[in-house]
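As a plain string of letters, each chain reads:
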Amino acid sequence: MSNLDAILEEARSHLKRLEPHEVLALEDALVVDIRPAHNRLAEGEIENSVVVERIVLEWRLDPDGDWRLPGFTADTTVVVVCNEGWSSSLAARDLQRVGLPNATDLVGGYRGWRAAGLPIREGGSPPVV
């Protein structure tokens, strides 16, 4: 097992990772897309997701931070989405560390969502800066 595999396994041990249909069924979740712009533009985005670039993720989702997004609390379920569900696990772990105990990620990432035939929109939404 590589160091990265061990880090990923440790991160996921603290997450209740969600399948695409489970995320779709959530009523008050905040779905956060951290994929690069070129992927979102080429492949689309999950409807009602918010695009937050990974470099500012913790600052925009710190529930007590001065630069936080409006409309969520420390109790909100935050679902992080990357391309295939790898980097989102690490990002969700980091969000738990900044005060979002219900942060998790999407199994299979955006591509798993799309393969499940769930609602998408055209890509290219501007990220929260």
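All chains use their own residue numbering, which begins from 1 and follows the written sequence. pLDDT decides what is reported in this predicted model: residues at 70 or higher carry local features, side-chain atom pairs at 80 or more are listed and counted, and totals for whole chains, interfaces and linings draw on all residues regardless. To obtain the side-chain values, all non-hydrogen atoms of the structure were included, while hydrogens and water were left out.

(A) Spatial organisation of the layout of surface pockets. For cavity detection a 1 Å grid was placed over the protein atoms alone, and a set of points counts as a cavity when a 1.4 Å probe fits there but cannot get out; an open set counts as a pocket when protein lies on both sides within 12 Å along at least five of seven lines, with lining residues being those that have an atom within 4 Å of a point. Grid points are joined across faces, edges and corners, and a volume is the space filled by probe spheres set on the points. Within this model, the largest pocket holds a volume of roughly 180 Å³. Taken together, Val-23, Leu-24, Leu-26, Glu-27, Ala-29, Val-31, Ile-46, Glu-47, Asn-48, Trp-113 and Pro-119 make up the lining of the largest pocket. Think of it as three bins: nonpolar holds Ala, Val, Leu, Ile, Met, Phe, Trp, Tyr, Cys and Pro, charged holds Asp, Glu, Lys and Arg, and polar takes everything else, Gly as well. Split into classes, the residues belonging to the lining of the largest pocket amount to 8 nonpolar, 1 polar and 2 charged.

(B) View of the pairing of strand 4 (residues 78-81). Summary of the burial criterion: residues with accessible area below 20% of their type's maximum are buried, those above 50% are exposed, and those between are partly exposed, where the area comes from a 1.4 Å probe applied to protein chains only. Going along the chain from the N terminus, every DSSP run of H or I of four or more residues is numbered as a helix, and every run of E of two or more is numbered as a strand. The alternating pattern of strand 4 places Val-78 and Val-80 and Val-79 and Val-81 on opposite faces, both of which are buried. Across 4 bridges, the pairing between strand 1 (residues 30-33) and strand 4 is parallel. Paired with Val-31 across the two strands is Val-79, which belongs to strand 4. Paired strands, in this sense, are two strands between which DSSP finds at least two bridges. Relative to strand 5 (residues 103-105), strand 4 is paired through 3 bridges, and the arrangement is parallel. Looking across to strand 5, one finds that Val-80 is bridged to Asp-105. For the handedness criterion, the β-α-β arrangement of strand 4, helix 5 (residues 87-97) and strand 5 is classed as right-handed. Crossovers are described as right-handed under a simple rule: with the strands pointing away from the observer, the path leading from the first strand over the helix to the second runs clockwise.

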